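Summary of the model geometry
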Amino acid sequence: MRRRTWLLGATAAGGALLVGWGLLPPRSRLGGKTLLALQAGEVALNGWIKIAADGSVVLAMHRSEMGQGVHTALAMLVAEELDIGLDRIRLEQAGHDSIYGNVAMFVAALPFHPRDKEPGHETDGVRLGERLVGKLARELGINATGGSTTIADAWEPLRLAAATARAQLVGAASLRWRQPREEITVQRGVIAHAASGTRGHFGEFAAAAAGTPTGEVRLKPRETWTLIGRPAPRNDVVAKSNGSAVFGLDVRPEGLLYAAVRMCPMLGGAPQRITNEDEVLRRPGALRLVRLPALAGLTAGVAVVGRSTWHAQQAVDALAIDWAPPPAGTVDSAAIATALETRAREAFANDGGLPFHSRGDLAAAEQAAVGSGARAVEASYRAPYLAHAALEPINCTARVKDGRVEVWASTQVPGIARALAARAAGVEEEAVTVHVTLLGGGFGRRLDADFVTQAVAVARVTGGRPVQIVWSREQDMTHDYYRPAGAAVMKAWLGADGKPQTLRIASAGDAITPRWMERGLPWLTGPVDAPDKSTAEGLFDLPYEVPHQRIAHAATRSGVPVGYWRAVGHSHNAFFSESFVDELAQAAGQDPVAYRLSLLGGMPRHAAVLRLAADKAGWGSKPPAGRARGVALHESFGTLVAQVVEVSAAPKLVIHRVVCAVDCGTVVNPAIVVRQMESGIVFGLTAALHGRIDIVASEVQQKNYPDQKLLTLAETPVIETHLVPSTHAPAGVGEPGLPPIAPALANALFALTGVRQRELPLKV
Amino acid sequence: MDLLINGQPMPLPDDAVDPAMPLLWVLRDALNLTGTKFGCGVSACGACTVRVDGEPLRSCVTPLSQVQGKAIQTIEGLGTPETPHALQRAWVQHQVPQCGYCQSGMLMAAAALLDRNPRPTDADIDAALTNLCRCGTYPRVCAAIHDAARALQKDAPRPSAPASAARKAT
């Protein structure tokens, strides 16, 4: 057989296999009982739920709590379907099985346009793509808390696991009491049969339930919910108000040592000669020096182990180290910003970049518009690199002893942390235990588990004693995986009615996902970057009706380590797109809210959320003297958010009020949704007013909070949040509150001053 | 060497500490009182706030030698599980914390404020609570402080939980 024929045959067979695989039902996420370790008196009913002897419930918690409230919200889903009080649910960290993988996060990475995926009206392409990627993600089973996907991902499988457990418990009671299932009720953890007056708690039936067939399992109808949709208190608030909550930095295993880390100040550089090592190690409390390799995307450096974090930090600071620059040469953010704009302009002019969305016949429509007397609006925008700057600095604790590795980490990716630890220690993954603590902020930074490799590298040489590596704030801020800088060029031709007839956008920025995979999932990376929507999102997926469009993105690689930062591409692209829409409204001489509404035909949810924000903000009324309002509407992570900002600027900028409306589908816990909107708004205001990371000769210039300010309490506006009632499946809330705030603020400043700002951070 | 922490004399192992060692690391690493947090090391974020003789103090830049013989209060000593401080009750009522990392410092700064100013205005809170929070709990912090202040005024009626932040747009 000739090679070519063989290849064709193999491809056809592979294709047939793929189609066959695609038709098989997706892997179940219920999981087996053996996935859960049992304490005395406990019975496992599936891979998620155990029943304790006292009738309380233990939930295998697969996601990380970093403030977004998922430990509470996931427990609510289970309590709802089991009909037990939320306070009777205890959390235990889930193990490593594919049922705990995040399917929704991978499905959400598909670059579909919102007009093609309106709930209930999805196109065939959307359905097929989501099915195949969803099936693949179930096989991969990568556990990650990110992309505002926790509730969307758990919505079906977790409720189903609880409903299945409930069906088994009821079945066991039915058999024991010899009463029909239909006559047995469950309320607040009590199983009862009214007619015979028998009752008992879950613990009395758990052992029998484990062997009882489930029968038909049905999820509770929405109108019978007693927990979902109500503001239940969070299960972590008491511990977070009395100092007992345990974050990564708070673990204290017996015999703990501390290590301070110092990496090359030039990103990608490395330590060379250290001239005073012996002298430094003679200091009291300093124990030993460890060279840190450039694993998992890290810049190489050194660590000093000490008796306390302070002793270690003092010693590592005292080292005289010769640093070598990165082998590929140093980089500067100012030059990168210019290069990105140039790249965006090229793509704009030459139909370049990857077109994520095309519609109509743009070239013909643009040609027809030229010289027709129609108006064109063209503008370019820029955004800087940004640091995550979570309050808990990067840290990790590890013990390497007798061929086993134990890791305590505040991480969003326990499976990746385990794989990286195993690699760093030279052991099998099964020899590694990862304890996930609470996270003192994640925001995407802890989707990278680079620091785990450092902790293991140090713990390998401490004679079996556990060691906690700690990055100073300066190390944390200067060795982040930054929100990529971005640039975009946009142009629209307006029709006689002022509506855009054409929209051409070209943006440029570093691809995030391929770089993240190289660091954490190198076995999934290919020889070339797959198309990455993470920095293009928020531009190609605009809800507005424009007949002729080409929205393209040029993925770059600028040499700065980049990563997922809260709201990812939306974080800056919403500023670009929603500022530009405001420019179009201004050019058309129309009210910004009315103008947007006129472009939202066929998108009723978007229109409703915009109307709600405008109404609640009193958009139609004149603002008080000296003040102005701005508006923005943006969909991200399946959630629609509109915000109206009211500002004054004399003598200095005051943000008086932010009115926020959100449609996130079904609301699980409205109190958490409201706080996540506030959180996104405050985080976004920090970026809009203070956020920038400058890099000179590969060295990050902002070292600590005085250089990279965060919004303060005194600067924080009054924030009012209004929820749109919805029966759609739930979408995320951890990120979507952020994207609209920068453009809403910029639009308010334009309304106030007449000056349009097209670069972040805003000048005030 | 002894420190007076949360009303208890705490002996310190002589070989584990140095008079120049910041109080933060004495608390966290020598005494395992981990409720007080490390955030910036330069007195900028307030995550390490404790009270010394009642005054709020950023322990990351306060050497041990400066607090000898003084009454140190950390988050572990603000209330007890049975009788939480009014601020801690308000914190739960308003569901203030998100990630929670900065909250010990917030609470200690707020406790110091209420001791010297039992009915703070919004402006007083703005001036006193300079602690940084990356999650954006500020509106809830503010509302909870007002509520705790009211609860501490025994003759004032206990207000019910407001649905949203108490602060009004100005």
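Since we're looking at a predicted model, the values are computed, not measured. All residue numbers refer to position in the chain's written sequence, counted from 1. Labels follow written order: the first chain is A, the first ligand is 1, and so on. Local features are withheld for residues below a pLDDT of 70 in this predicted model, meaning they are given only at 70 or higher, and side-chain atom pairs are given and counted only at 80 or more; totals for whole chains, interfaces and linings count all residues.

1. With respect to the overall build of chain A
Strands are runs of DSSP state E lasting at least two residues, helices are runs of H or I lasting at least four, and both sets are numbered from the N terminus onward. Summing up its helical and strand segments, chain A has 19 helices and 27 strands in all. On C-alpha atoms alone, chain A measures out to a radius of gyration of 27 Å, which is about the 27 Å that the 2.2 N^0.38 rule sets for 764 residues. Each principal axis of the C-alpha distribution contributes one length, and for chain A these read about 85 × 80 × 80 Å. Partly exposed residues are those whose C-beta has more than 12 but fewer than 20 other C-beta atoms within 10 Å; with 20 or more the residue is buried, with 12 or fewer it is exposed, and the C-beta atoms are placed from the backbone. Expressed as a percentage of the 764 residues in chain A, the buried residues total 54%. Throughout, a pair of residues is in contact if the C-beta atoms placed from their backbones lie within 7 Å. Of the contacts made within chain A by residues no fewer than 6 positions apart, 78% connect residues no fewer than 24 positions apart. With the radius of gyration taken over C-alpha atoms, the globule rule is written as 2.2 Å times the number of residues to the power 0.38.

2. Thoughts on the overall build of chain B
A count of helical and extended segments in chain B gives 5 helices and 5 strands. Scanning chain B from its N terminus toward the C terminus, one meets helices and strands in the order β-β-α-β-β-β-α-α-α-α. Since a compact globule built from 170 residues should have a radius of gyration of about 15 Å, the 16 Å found for chain B is in line with a globular shape. Viewed in the frame of its principal axes, chain B has a C-alpha envelope of about 50 × 30 × 25 Å. Residues counted as buried form 56% of the 170 residues belonging to chain B. Within chain B, contacts between residues at least 6 apart in sequence are counted, and of these 60% link residues at least 24 apart.

3. Focus on helix α2 (residues 86-93) of chain B
Given 3.6 residues per turn, any residue in an α-helix points the same way as the ones three and four places further on. Residues and elements named next belong to chain B. The set of residues buried in α2 consists of Ala86, Leu87, Gln88, Ala90 and Trp91. Next to the buried residues of α2 lie α3 (103-116) and α5 (138-152). Phi turns positive, to about 50°, at glutamine 95, one or two residues after α2.

4. Looking at unusual backbone geometry
Leave glycine aside and you will find that most residues have negative phi; peptide bonds, for their part, are mostly trans. At the junction of alanine 650 of chain A and proline 651 of chain A, the peptide bond is cis and its omega measures out at 0° in the coordinates. Tracing the backbone through its elements, the reader meets proline 651 of chain A in the loop between β23 (639-648) and β24 (654-663). Here the residue pair leucine 760 of chain A and proline 761 of chain A is connected by a cis peptide bond, since its omega of -10° sits within 30 degrees of zero. Tracing the backbone through its elements, the reader meets proline 761 of chain A in the segment after α19 (741-753). Although it is not a glycine, asparagine 32 of chain B adopts a positive phi angle of roughly 55°.

5. Considering the interface of chain B and chain A
The partner chain A presents 53 residues to the 51 residues of chain B that form the contact. Breaking the side of chain B that touches chain A down by element, the ones donating at least two residues are α1 (23-30), α2, α3 and α5 of chain B. A class-by-class count of the residues in the side of chain B that touches chain A yields 29 nonpolar, 16 polar and 6 charged. Each residue gets one label: Ala, Val, Leu, Ile, Met, Phe, Trp, Tyr, Cys and Pro are nonpolar, Asp, Glu, Lys and Arg are charged, and the others, such as Gly, are polar.

6. Quick look at the domain arrangement of chain B
Residues and elements named next belong to chain B. Under the domain assignment used here, chain B contains domain 1 (2-77) and domain 2 (86-152). Domain boundaries shown here were taken from an automatic or database domain assignment. A C-alpha centroid distance of 21 Å is found between domain 1 and domain 2. Taken together, the elements giving at least two residues each to the side of domain 1 that touches domain 2 come down to β3 (49-52) and β4 (55-58). Per-element tally for the side of domain 1 that touches domain 2: the top contributor is β3, with 3 residues. Partitioned by chemical class, the residues of the side of domain 1 that touches domain 2 number 6 nonpolar, 6 polar and 3 charged.

7. Some points on the sheet that holds β24 of chain A
Residue and element names in this part refer to chain A. Note: two strands are recorded as paired if DSSP finds a minimum of 2 bridges between them. A sheet is described by the order of its strands in space; here 4 strands give the open sequence β22-β23-β24-β27, paired in mixed fashion. The sheet terminates laterally at β22 (627-636) and β27 (718-723), the two strands that pair on one side only. Geometrically, the sheet is characterised by an average inter-axis angle of 15° between neighbouring strands, direction not taken into account. Direction of pairing for β23 relative to β24: antiparallel, over a ladder of 9 bridges. Residue pairing across strands places alanine 642 opposite alanine 661, the latter belonging to β24. Fitting a line to C-alpha atoms yields each axis, with helices limited to the stretch in contact; the angle taken between N-to-C directions then spans 0 to 180 degrees.

8. Considering α5 of chain B
By this rule, a helix spans an expected 1.5 Å times one less than how many residues it contains. With 15 residues, α5 of chain B extends 21 Å from end C-alpha to end C-alpha; this agrees with the ideal 21 Å at 1.5 Å per step. Taken across its 15 residues, α5 of chain B has 12 buried, putting it largely inside the fold. Taken together, the buried positions of α5 of chain B are Tyr138, Pro139, Arg140, Val141, Cys142, Ala143, Ala144, Ile145, His146, Asp147, Ala148 and Ala149 of chain B. Buried positions along α5 of chain B lie against α18 (670-690) and β27 of chain A together with α2, α3 and α4 (122-128) of chain B.

9. Digging into the packing of α2 of chain B against α3 of chain B
Residue and element names in this part refer to chain B. Contact geometry of α2 with α3 gives a least axis separation of 10 Å together with a crossing angle of 130°. Between α2 and α3, the angle falls in the class oblique. For the element pair α2 and α3, the recorded crossing hand is right-handed. Side by side, α2 and α3 meet where Leu87, Gln88 and Trp91 of the first sit next to Leu107, Ala110 and Ala111 of the second. Across the contact of α2 with α3, the residue classes tally to 5 nonpolar, 1 polar and no charged. In what follows, roughly perpendicular refers to angles from 65 to 115 degrees, roughly parallel to angles under 35, roughly antiparallel to angles over 145, and oblique to any angle outside these ranges. Less than a right angle of anticlockwise turn of the near helix away from the far helix marks a crossing as left-handed, whereas a clockwise turn marks it as right-handed.

10. Points about the nonpolar core
Residue and element names in this part refer to chain A. The biggest cluster of nonpolar side chains holds 290 residues, and the ones touching the most others in it are Val78, Ala259, Ala303 and Val407. By residue number, the principal contributor to this core is helix α5 (residues 150-177), which donates 14 residues. Other than its neighbours up to four places away in sequence, alanine 303 contacts Ala259, Ala260, Val261, Val290, Leu292, Val316, Gln454, Val458 and Ile469. Core membership is restricted to buried Ala, Val, Leu, Ile, Met, Phe, Trp, Tyr and Cys residues, and these are joined into a nonpolar core through C-beta atoms within 7 Å.

11. Examining the confidence of the model for chain B
Residue and element names in this part refer to chain B. Values of pLDDT, which run from 0 to 100, indicate the predictor's confidence residue by residue. In this model, chain B carries a mean pLDDT of 92, and residues with pLDDT of at least 70 account for 90%. Under a pLDDT of 50 for its full length, residues 161-165 has, in the predicted model, 8 contacts with residues more than four places off or in other chains. Interface confidence for the predicted complex, expressed as ipTM, amounts to 0.95; the pTM equals 0.96.

12. A look at the packing of helix α2 (residues 70-82) of chain A against α5 of chain A
Residues and elements named next belong to chain A. Following both chains from N to C, one finds α2 and α5 inclined at 35°, their axes separated by 8 Å at the closest point. The interaxial crossing formed by α2 with α5 has right-handed handedness. Each of Val70, Ala73, Leu74, Leu77, Val78, Glu81 and Leu82 in α2 lies in contact with α5, whose residues at this interface are Thr150, Ile151, Ala154, Leu158, Arg159, Ala162, Ala163, Ala165 and Arg166. When grouped by side-chain class, the residues that make up the contact of α2 with α5 number 12 nonpolar, 1 polar and 3 charged.

13. Remarks on the confidence of the model for chain A
Fine structural detail should not be taken from predicted coordinates in areas where pLDDT scores are low. Mean pLDDT for chain A: 95, with 98% of residues reaching 70 or above. Under a pLDDT of 50 for its full length, residues 1-8 of chain A has, in the predicted model, 1 contact with residues more than four places off or in other chains.

14. What about the sheet that holds strand β2 (residues 49-51) of chain A?
Residue and element names in this part refer to chain A. Pairing within the open sheet is mixed, and its 4 strands lie in the order β1-β2-β3-β4. Where the open sheet ends on each side, the last strands, each with one partner, are β1 (43-44) and β4 (89-93). Judged from the 3 bridges that link them, β2 and strand β3 (residues 57-61) form a sheet pairing that is antiparallel. Pairing of lysine 50 across the sheet is with valine 58, part of β3. Here α2 sits on the sheet and contacts β2, β3 and β4; the angle it forms with β3, its principal contact strand, is near 135°.

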